[in-house]
Amino acid sequence: MAQPPATNAAPAWRQFPFFDVAPVKDLHDLGSAPEVFQKTPEISTIAASSAGLVVADIHGSVYLVNRDFEIAKSWIAHTGGRVTHIAARRGILITLGEEDTARHPFLKVWDLHTFDKKTGAPLLLRSAKVQSGNRPHPVSVIALSASLSFLAIGLGDGTVILYRHLDQSIYSASGSLSTLPKPRVIHESPTEPITGLGFREPTEESPNVYLFIVTTNRVLCYQASGKGSGGTPTVVDEIGAALGCATMDWKAREIVVARDEAIYLCGTEGRGPCYAYEGPKSSIYTHRNYIVIVSPPFTASASAASATVRNFVAKSSVAPGADITKLTVFDPENQYVAHSGTFTEGVREVFSAWGKLYALSNDGKLLCLEEKPTSVKLDMLYRKGLYTLALNIAETQKLDESHIADIHKQYGDHLYAKGDYDNAMQQYIQTIRYVQPSYVIRKFLDAQRIHNLVTYLQELHSLGLANADHTTLLLNTYTKLKDVARLDSFIKRESLRTSGDKDELPFDLDTAIHVCRQAGYFEHASYLAKKYERHEDYLRIQIEDAGNYKDALSYLRRLGAEAAESNLARYGRALLDNLPEETTDLLIDICTSLAPLSIEMDEQDAAPAKQSSGGPSYLSYLALNRASIASATSPTDTAPPSGGQTNGAKAPDAIARRESTHEASRTSTPPPTTPSTAAPAKARASSVKRPSPRLYFAHFVDHPNHFVRFLETVARRRWGQTVENTSDSLPVEADPNADEEAEKQAQAAVWNTLFELYLSPLGGATSSDAKALAVLQNTRLPYDPTHALILCSTRGFTPGLVLLWERMGMQEDVVRFFMDRHQDGDPDASAEVVRRLDQYGPGRPQLYPLVLRFLTSTPALLTKHREDVGRVLRVIDEEKIMPPVSVVQVLSRNSVASVGLVKEWLMARIKSAREEVDTDQKLIASYRTETEAKMRQVEELSDPDHPRVFHVTQCSACQGGLDLPAVHFMCNHSYHQRCLPQNETECPNCAREHGIIREIRRNNERLADQHDLFLSEVREGGFDALATGFSRGILNLSRAEDVAA
């Protein structure tokens, strides 16, 4: 704030009643002043301390007064003398006084927080004489530093003595009562008495302590501490002051010197600001940020220049010519008078205590000057329209930001009501963070005030306090004003640095991009999206708004795998519709390369993505035969551009980039650098995981040729698989991150879809059929045979069907297929049936009855394949595939085949049957003869009366001659008794055979109870099962009787 120059005129400052004046009464006698001040003429000095108010008198006594102005403690500090000066800091009181026992003044140090229980006096820490030379001189002024480190004493002969390290001395337990640091004379001026002293306390900018010395003619500055201390005081001003007219300001930075013509502030480097205040001054004091001036008694006059004096004369009943004393409180920084009062009896002392200002008159009356609350003062200023002064006062009194913002709001409302919108907006800007932005915005929504609104919104964004609505409003104002330069400046603004060292945008990025797109500023929107790596937004702008497909494709190459995968899922079809070749190359690179994508087209590119599972093929669900339609964006896109556009399918040579609606923005907004995620492939050495090609199948709708190229290239470069290569796979780079199961699924999906494309009429007729057959013939390709069989059937691809049926062991289906073809009118189908029979017959005998039935189904077939029928019958006969009865039944089912056709075959079969019957009858006769012999033998063995004669002469065990003792068995085997085991009752040679027979019978008996098994055998074998059952004895009548019993 600019300071007024020194002039001889009285200050034309405004005057306000900011202080309330009230007399202070004794607590016990409300009709009189406090007791301690009833003998005012005897009071020598007053000072405030942390323990209370300290009052000293001319009798050497000191009184400690509390807030109620009651005497709390009193003691005699200087016996037989008087107290001339006192100073208090940090509970330490220093008194200077005269005593009868000494010629020189005494300096005493007291502890106000420690009192003697007997005398009630505070603890006396130190007591010593103040002596400079042999001749005694009175003390004119003293000064004590805030830290108690320094004590300066000014004498009437112009000498200043300084005590250093006073705090160390008084707090030291060692030493006597008179031990004090040795004083040092730092200044002598015999012709200039010392009228003022004051310490400049250290600050962060200046850590040294300085002592200001004021004489009647000049002001000096002495460095008391720090480097360079101890030198000669330097003169900072050639104007001095009278005694009592110099004091330190409220910040303890400069000394205030009061002269008759003005008030001066002096610093360590020289005189500072001065304030014109003409008139004699008897004393000067400071209270907070105020300066209090007391004038010497003067005669009041109705024509005086001071309004206070004139009012006093008009209202007072004092006799004309009486003397009065004027007390003025003013704020030098803000240049106004806060209080002005008059005293008829003069002012004895002015002191500041407990946050209030007190004035003691010579007649013992004590007046309290209490400052009004800040809110009251501000209201007074508001009523007078003095908002600038209100702001200055708020800043001086250190009000918080919310109160200062309220003043700015009041000031802004005042200017707005006057129509001064520009200055009003400057005030409203100062209210940001404390006043709702909507309060200000509503006032400036008018089109004539939109420039002021822009200013406010810009400040909101610069402070990082704007929300999405504010960003929308600001950008809309830019677009309505067509202020491209400010729009450029706004979107290019650097990020704010927060406390956490994180960059924070000064606006809502999503809103900014959306508004720029909506207004047609595509270049600005793409700039923001690209700079802050909003990949989806950037691609949406380039593809949906600007139609810049080539740039979008290049951008996709720079992105990492995740971003490229997700964005291609949304825009892959649109890119294929406009740049089919380039987009196909990109998709191939993404799915095949293990290195990150590079911008150069001739390098190997790649981008990773996640594997996803799915079915074996997706092409069956896509309408490949439909007409080409306009490509559309993904239905999941929740933020379509507000400016309508169509992304129609266009040929690559017809792609035209749609221009932004504002050409100027393009030249002023160059694209930002590539995002950090788009580092070149050479800079990234780690391999990436390749996505499954199935993710991109749906994009190739209406692009079958590119789809074929995509699938073939991916299969070759990713797995080393081609249609032509039937040997080992081609060498490819192994993927260490590959999921084997997912890779197998991806391979099956690729080859299933590729096979379907080969069969599609869109893929070409001849060459595609050949490739489709080659796929089926290549056993190394991992296609799904069932899926391929369905495709071959639906598309009518006969070679593929036959090949798959043969590979799956379904030869009967092949034969039946050609039979059906004959029914459909294919003249060559019957010959193919015979050929397939010759091919499959040796391993599939069940085909002969099927073909025989087919060849004899119509007269035409029989006529055409008569020889083939005969050959089939011979094979059936030779291999005994069908019994003759079944053959006759097949041939006799219709009237196609005649008897002559099978005459020779029937005669041969009848002759063979007769021979078999003769043979069987001979066997039956032999079996009957053998059975009768066995029965007779059984009867002989069962008859006990029939003797048995043994003619055996050789041992059946050792083959030696048989001698006694011998053992004979009924089976005609004889043994030495020694050759048989002990207690043996069965023939050893027949025991094994008999055991086998017994085991067979036991098994047959167990099987006789398993009726389910017997029934299943009957269903399968018929008569053979029944005959076997009879042979096992299952159906014997005796067995049934046993069961019934």
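Small disclaimer: the values here were computed from a predicted structure and weren't measured. (Residues numbered from 1 in each chain as written. Predicted model: local features only at pLDDT ≥ 70, side-chain atom pairs only at ≥ 80, totals over all residues. Heavy atoms only, no water.)

Caption draft 1: Just the overall build of the protein chain, in detail. Counting its secondary structure elements, the protein chain contains 33 helices and 34 strands. Counting only residues that meet the buried cut, the protein chain has 46% of its 1045 residues in that class. For the protein chain, contacts bridging at least 24 residues in sequence account for 55% of all contacts bridging at least 6. Here the protein chain has roughly 53100 Å² of accessible surface; of this, 51% comes from carbon and sulfur atoms. (Helix = DSSP H or I, 4+ residues; strand = E, 2+ residues; numbered from the N terminus. Buried < 20%, exposed > 50% of the residue type's maximum accessible area, 1.4 Å probe, protein only. Contact = heavy atoms within 4.5 Å. Areas by Shrake-Rupley, 256 points an atom, 1.4 Å probe, with all protein chains shown as cover.)

Caption draft 2: Structural detail: helix α25 (residues 847–855). Here α25 lies mainly inside the structure; seven of its nine residues are buried. Listed as buried for α25 are Leu 847, Tyr 848, Leu 850, Val 851, Leu 852, Phe 854 and Leu 855. Turning to α25, the residues buried within the fold contact α23 (811–823), α24 (829–840), α26 (859–864), α27 (866–879) and α28 (884–891).

Caption draft 3: How the structure looks around the pattern of salt bridges. Summed over the entire model, instances satisfying the criterion amount to 25 salt bridges. The shortest N-O distance in the salt bridge between Arg 718 and Glu 743 comes to 2.6 Å. One end of the pair, Arg 718, is in helix α18 (residues 704–719); the other, Glu 743, is in helix α19 (residues 740–759), with 25 residues separating them in the sequence. Note on accessibility: Arg 718 and Glu 743 belong to one class, buried. (Salt bridge = Lys/Arg side-chain N within 4 Å of Asp/Glu carboxyl O.)

Caption draft 4: A look at the side chain of Thr 247. Mapped onto the elements of the fold, Thr 247 is located in strand β19 (residues 246–248). Aside from chain neighbours lying at most four places away, what touches Thr 247 is Glu 254, Ile 255, Val 256, Ile 284, Tyr 285 and Thr 286.

Caption draft 5: Inspection of a negative patch on the surface at higher detail. On the surface, Glu 915, Glu 916, Asp 918 and Asp 920 cluster together into a patch of negative charge. With respect to the helices, strands and loops of the structure, Asp 918 is situated in helix α29 (residues 903–942). When its relative accessible area of 43% is taken as the criterion, Asp 918 is described as partly exposed. (Patch = residues over 30% accessible without salt bridge, like charges linked within 9 Å, V, L, I, M, F, W, Y side chains within 5 Å. Lys, Arg positive; Asp, Glu negative; His and termini not counted. Charge placed at Lys NZ, Arg CZ, Asp CG, Glu CD.)

Caption draft 6: Here's a closer look at the packing of aromatic side chains. The final tally for this structure, using the stated rule, is 29 aromatic pairs. Between Phe 16 and Phe 18, the aromatic rings sit 5.1 Å apart at their centres with planes inclined by 10°, giving stacked as the arrangement. An angle of 25° between the planes, with centres 5.4 Å apart, marks the rings of Tyr 382 and Tyr 387 as stacked. Like Tyr 382, the residue Tyr 387 is buried in the burial classification. Put simply, the rings of Phe 37, Phe 69, Phe 351, Trp 354 and Tyr 358 touch in pairs and so form one group of aromatic residues. Above the ring of Phe 18, the side-chain terminus of Lys 377 is found at 5.6 Å from the ring centroid. It is Lys 443 that lies over the ring of Tyr 416; its NZ or CZ is 4.7 Å from the centre. (Phe/Tyr/Trp six-rings, centres within 6.5 Å; stacked < 30°, edge-to-face > 60°. Lys NZ or Arg CZ within 6 Å of the ring centre and 35° of its normal.)

Caption draft 7: Representation of the environment of Asp 551 within the structure. As for its placement among the helices and strands, Asp 551 is situated in helix α14 (residues 549–558). Considered as a pair, Asp 551 and Leu 539 are twelve residues apart in the sequence and their alpha carbons are 8.9 Å apart. Setting aside its immediate chain neighbours within four residues, Asp 551 contacts Tyr 538 and Gln 542.

Caption draft 8: Layout of unusual backbone geometry. Between Leu 964 and Pro 965 the backbone carries a cis peptide bond, its omega angle lying at -5°. The residue Pro 965 is located in the loop between α29 and β33 (966–968) in this model. Although it is not a glycine, Phe 69 adopts a positive phi angle of roughly 60°. Along the chain, the position of Phe 69 falls in the loop between β5 (61–65) and β6 (71–76). Positive phi is not limited to glycine here, since Asp 702 has a value of about 70°. Summarising the element assignment, Asp 702 is placed in the loop between α17 (663–668) and α18.

Caption draft 9: Broad picture of the sheet that holds strand β20 (residues 255–258). As summarised here, the arrangement of the four strands in space is β19-β20-β21-β22, forming an open sheet in which the pairing is antiparallel. With one partner strand each, in any of the chains shown, β19 and β22 (271–276) form the two edges of the open sheet. Here the average twist between neighbouring strands, direction ignored, is 20°. (Pairing = 2+ DSSP bridges. Axes fitted to C-alpha atoms, helices over the stretch in contact; angles between N-to-C directions.)

Caption draft 10: Region of interest: the sheet that holds strand β12 (residues 150–155). One open sheet holds the four strands; their spatial order is β11-β12-β13-β14, and the pairing between them is antiparallel. Among the strands making up the open sheet, the edge pair consists of β11 (139–144) and β14 (184–188). The average angle at which neighbouring strand axes cross in this sheet is 20°, direction not considered. Here strand β13 (residues 159–164) runs beside β14; their pairing, made up of four bridges, is antiparallel. Across the sheet, the residue bridging to Leu 162 is Arg 184, located in β14.

Caption draft 11: A look at the packing of α19 against helix α21 (residues 785–795). Running from N to C, α19 and α21 point in directions that differ by 15°, and their axes come no closer than 10 Å. In terms of their interaxial angle, α19 and α21 are classed as roughly parallel. Crossing of α19 over α21 shows right-handed handedness. Here Asn 752, Phe 755, Glu 756 and Leu 759 of α19 come into contact with α21, specifically with His 787, Ala 788, Leu 791, Cys 792 and Arg 795. (Parallel < 35°, antiparallel > 145°, perpendicular 65-115°, else oblique. Left-handed = near helix turned anticlockwise from the far one by under 90°.)

Caption draft 12: Summary view of the state of the cysteines. Tallying each qualifying case throughout the model produces zero disulfides. Among the cysteines around Cys 979, which has no disulfide bond, Cys 958 carries the closest sulfur, lying 3.7 Å off. (Disulfide = S-S within 2.5 Å.)

Caption draft 13: Just the side chain of Asn 452, in detail. Considering the arrangement of structural elements, one finds Asn 452 in helix α8 (residues 450–462). Residue contacts for Asn 452: discarding those within four places in its chain leaves Tyr 421, Asp 422, Met 425 and Phe 444.

Caption draft 14: Seen up close, the environment of Ala 143. Relative to the helices and strands, Ala 143 is located in strand β11. Sequence separation between Ala 143 and Leu 211 is 68 residues, and the spatial gap between their C-alpha atoms is 8.8 Å. Residues in contact with Ala 143, not counting those within four places in the same chain, are Phe 150, Leu 151, Ala 152, Leu 197, Gly 198 and Phe 199.

Caption draft 15: Looking closely at the pairing of β11. Most of β11 sits inside the fold, with six of its six residues counted as buried. In this structure, β11 lies alongside β12, joined through five bridges in antiparallel fashion. Each bridged residue has a counterpart across the sheet, and for Ile 142 the counterpart in β12 is Ile 153.

Caption draft 16: Examining the confidence of the model for the protein chain more closely. Counting all residues, the mean pLDDT for the protein chain is 79, and 84% of those residues have values of 70 or more. For the protein chain, per-element mean pLDDT is lowest for α17, which scores 41, and highest for strand β16 (residues 210–215), which scores 96. Contacts from residues 600–685, a stretch scored under 50 in pLDDT, to residues over four places away or in other chains number 219 contacts. (pLDDT = per-residue confidence, 0-100.)

Caption draft 17: Representation of the packing of α24 against α25 in the model. Relative orientation of the contacting elements α24 and α25 amounts to 165°, with a least axis distance of 11 Å. One way to sum up the angle between α24 and α25 is to call them roughly antiparallel. As for the relative orientation of α24 and α25, their crossing is left-handed in sense. Residues Ser 830, Val 833, Val 834, Leu 837 and Tyr 840 of α24 form the contact with α25, whose own contacting residues are Leu 847, Tyr 848, Val 851, Phe 854 and Leu 855. When its residues are assigned to classes, the contact of α24 with α25 shows nine nonpolar, one polar and no charged. (Nonpolar A, V, L, I, M, F, W, Y, C, P; charged D, E, K, R; others polar.)

Caption draft 18: Here's a closer look at the pairing of strand β17 (residues 219–223). Burial of β17 is extensive: five of the five residues sit out of reach of the surface. The alternating pattern of β17 places Val 219, Cys 221 and Gln 223 on one face and Leu 220 and Tyr 222 on the opposite face, and all of these are buried. Here five bridges tie β16 to β17, and the two strands are oriented antiparallel to one another. Residue Phe 212 lies in a different strand from β17, and its bridge partner there is Cys 221. Between the antiparallel neighbours β16 and β17 lie three residues. Note: β17 against strand β18 (residues 234–237), three bridges, orientation antiparallel.

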